[in-house]
Amino acid sequence: NVENVFSVYGSVLSVVFTEYQRVPGIASDKPRNAHVTFEDEESIDKLISVSEQDVVAAYEPPRLATGMQKWVAQYYHERPDVSKLQQQVGRFMEAFDRQVKEEKANLETKEIDEDGFELVKRKSRKLRGSVLPISNARPKKKKKAPVINFYKNQKREQQQKKLALLRQKFEEDKERIVEMRKQRKFKPY
């Protein structure tokens, strides 16, 4: 086990193998590289100071999880233990409760100014856990587009103009149809 070999020089935090890296000229299905993480720098200095002649270790092939075992290990590694999670939540809630009590105690303490009058404090009404700050500014209203036809007579005049245009187009189309009939090009069916 690689961790046991390197633990001689200091406490090892983790050993990560690279997955089946191909080396040109060497045929092998075993990993060739590993990343060893020590707890402190002194262990690294010890390891670097050792000569190659002093190191004698039996090679033990690494036990890499594959297939279903690897997936199950990843699943459990990504999800914390329920008891540990419950402890973390409990500690967080205790710290939060302490903070709320301290804030209330600070508000309830009476401060007296130099004239002997009690200072009144404002209670802060912050929303806990909110991401966006609360702003007192009112949202800006959109400007309305200017009204073109405000009066009734303006609307009436506009409708009359539209009707006049439609009648003119209708008369032009009638004339065009008469011309096409004269030329015998008009075949509506």
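Everything numeric in this text was worked out from a predicted model, so none of it was measured.

How each quantity is defined
- Residues numbered from 1 in each chain as written.
- Predicted model: local features only at pLDDT ≥ 70, side-chain atom pairs only at ≥ 80, totals over all residues.
- Heavy atoms only, no water.
- Helix = DSSP H or I, 4+ residues; strand = E, 2+ residues; numbered from the N terminus.
- Buried < 20%, exposed > 50% of the residue type's maximum accessible area, 1.4 Å probe, protein only.
- Areas by Shrake-Rupley, 256 points an atom, 1.4 Å probe, with all protein chains shown as cover.
- Patch = residues over 30% accessible without salt bridge, like charges linked within 9 Å, V, L, I, M, F, W, Y side chains within 5 Å.
- Salt bridge = Lys/Arg side-chain N within 4 Å of Asp/Glu carboxyl O.
- Polar contact = N/O pair within 3.5 Å; in protein donor to acceptor, adjacent residues only side chain to side chain.
- Contact = heavy atoms within 4.5 Å.

Colleague: Pulling in residues and values, what's your account of the overall build of the chain?
Modeller: Across its full length, the chain carries five helices and four strands. Its helices and strands taken in sequence order, the chain reads α-β-β-α-α-α-β-β-α from the N to the C terminus. Within the chain, buried positions represent 3% of all 189 residues. Within the structure as shown, the chain displays about 19300 Å² of accessible surface, and the carbon and sulfur contribution to it stands at 54%.

Colleague: Tell me about a nonpolar patch on the surface, and please be specific about residues and values.
Modeller: Together, Met68, Trp71, Val72, Tyr75 and Tyr76 line one region of the surface with nonpolar side chains, adding up to about 630 Å² of accessible area. With respect to the helices and strands, the residue Trp71 is situated in helix 3 (residues 67-78).

Colleague: Any details on the pattern of salt bridges? Residues and values, ideally.
Modeller: Scanning the model with the defined rule gives two salt bridges in all. For the salt bridge of Glu78 with Arg79, the shortest nitrogen-to-oxygen distance reads 3.5 Å.

Colleague: Tell me about the side chain of Ser43, and name the residues and values.
Modeller: Topologically, Ser43 is positioned in helix 2 (residues 41-49). For Ser43, a relative accessible area of 4% corresponds to the buried category. A polar atom in the side chain of Ser43 sits 2.6 Å from the side chain of Asp40. For Ser43, the contacting residues outside a window of four places in its chain are Tyr9, Gly10, Ser11 and Phe38.

Colleague: Account for the environment of Thr37, with residues named and values stated.
Modeller: For Thr37, the location among the structural elements is in strand 2 (residues 34-38). Expressed as a C-alpha distance, the spacing of Thr37 and Val12, which sit 25 residues apart in the sequence, is 5.9 Å. With sequence-adjacent residues up to four places away left out, Thr37 is seen in contact with Val12, Leu13 and Ser14.

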